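As a plain string of letters, each chain reads:
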Amino acid sequence: MDKNNFDKIFTPEIKTKADALVAKYETKRAAILMILRLVQDHYGYISHEAEAAVAHYLGLPPIDVHEVVTFYTLFYSEPRAKTQIHVCRTLACSLLGADKITRYLEEKLGVKPGEITADGQFSFDQVECLGACEIAPMLQVNEGQYIGCVTTKKIDVLLDDVKNGKLETLKKQKITVG
Ligand code: FES
């Protein structure tokens, strides 16, 4: 791989972190998931260029890295919104207003399910049961924050919190009910 292209992905900051991760493993190859996670956390997804750079860094054929990226659902090959909102549409949530929540998000964000806002800040989609039907309707933000008994007011608070950089606070709340 061309050195300039490699350096574009593996900035000094990423390289330092990657070296520290690799040092924990007996072989470089064994650190592949951690290195991919590092790259994805930094860029939001793993582009073809990033796959090639990871392959170069680990001394692996690019196809090996590509197979790992496409096998695990926690890796993304396409850009994603910074804040992904997943609205449950299964029975309990559906009966308690999931459609209303979806319509409200469409109106507030100006996008349909599966789309990303023009500024790349938000996307939302509809998912199956999030496993907390007792506090339906539910939604999930990114990969670990849940909001139960969702109302349009709670959505307003959520969107404002994200815009004001308070997503970290939300992360600590984990589940918000009431
Ligand atoms: S049906 Fe929505 S959380 Fe279970």
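What you see is a predicted model; the values in this text were computed from it and never measured.

Rules used in this analysis
- Residues numbered from 1 in each chain as written.
- Predicted model: local features only at pLDDT ≥ 70, side-chain atom pairs only at ≥ 80, totals over all residues.
- Heavy atoms only, no water.
- Helix = DSSP H or I, 4+ residues; strand = E, 2+ residues; numbered from the N terminus.
- Buried < 20%, exposed > 50% of the residue type's maximum accessible area, 1.4 Å probe, protein only.
- Contact = heavy atoms within 4.5 Å.
- Domains from an automatic or database assignment.
- Axes fitted to C-alpha atoms, helices over the stretch in contact; angles between N-to-C directions.
- Parallel < 35°, antiparallel > 145°, perpendicular 65-115°, else oblique.
- Left-handed = near helix turned anticlockwise from the far one by under 90°.
- Nonpolar A, V, L, I, M, F, W, Y, C, P; charged D, E, K, R; others polar.
- Core = buried A, V, L, I, M, F, W, Y, C linked by side-chain atoms within 4.5 Å.
- Salt bridge = Lys/Arg side-chain N within 4 Å of Asp/Glu carboxyl O.

Caption draft 1: Quick peek at the side chain of T102. Within the secondary structure, T102 sits in helix α7 (residues 98-109). Owing to a relative accessible area of 6%, T102 belongs among the buried residues under this scheme. The contact partners of T102, leaving out residues within four places of it in the chain, are V87, P113, F124 and Q126.

Caption draft 2: Structural context of the domain arrangement of the protein chain. Domain boundaries in the protein chain define domain 1 (3-71) and domain 2 (83-173). Domain 1 and domain 2 are separated by 31 Å when their C-alpha centres are compared.

Caption draft 3: Just unusual backbone geometry, in detail. Cis rather than trans, the peptide bond between A136 and P137 has omega equal to -5°. Inspection of the secondary structure puts P137 in the loop between β2 (122-127) and β3 (139-141). Its identity as a non-glycine residue notwithstanding, C149 has a phi of 50°, on the positive side. Turning to its location among the elements, C149 is positioned in the loop between β4 (145-147) and α8 (152-163). Using a relative accessible area of 24% as the deciding quantity, one classes C149 as partly exposed.

Caption draft 4: Focus on the packing of helix α3 (residues 32-43) against helix α4 (residues 48-58). Between α3 and α4, the least distance of the axes is 11 Å, while the angle of their chain directions is 140°. The angle between α3 and α4 falls in the class oblique. Every pair of crossing elements has a handedness; the one defined by α3 and α4 is right-handed. Packed against α3, whose contacting residues are I32, I35, L36 and V39, the element α4 presents A50, V54, Y57 and L58 at the interface. For the contact of α3 with α4, the residue count by class is eight nonpolar, no polar and no charged.

Caption draft 5: Structural view of the nonpolar core. The biggest cluster of nonpolar side chains holds 25 residues, and the ones touching the most others in it are F10, I35, L36, V54, Y57, L58 and V65. Of all elements in the fold, only α1 (3-9), α2 (12-22), α3, α4 and α5 (62-71) reach the threshold of two or more residues within this core. Counting residues per element, this core draws most heavily on α4, which supplies six residues. Each residue touching Y57, except ones within four places of it in the same chain, is listed here: F6, F10, K15, A18, D19, V22, K28 and I35. Listed in part, the 17 residues of the second largest apolar core include V87, V150, I155 and V162.

Caption draft 6: Looking closely at the pattern of salt bridges. The tally for this structure, following the rule as stated, stands at eight salt bridges. Taking the shortest distance from any N to any O, the salt bridge between D156 and K108 comes out at 3.2 Å. With D156 in helix α8 and K108 in helix α7, this pair connects stretches of sequence that are 48 residues apart. By relative accessible area, which is 24% here, D156 ends up partly exposed.

Caption draft 7: Geometry of the environment of L60. Position of L60 among the secondary structure elements: in the loop between α4 and α5. Spatially, the C-alpha atoms of L60 and E49 are 14 Å apart, while their sequence positions differ by 11 residues. In this view, L60 contacts R29, I32, A55 and V65; residues no more than four positions away in its chain are not counted.

Caption draft 8: Representation of the environment of G131. Secondary-structure assignment places G131 in the loop between β2 and β3. For G131, a relative accessible area of 58% corresponds to the exposed category. Residues G131 and C88, spaced 43 residues apart in sequence, show a C-alpha to C-alpha distance of 9.5 Å.

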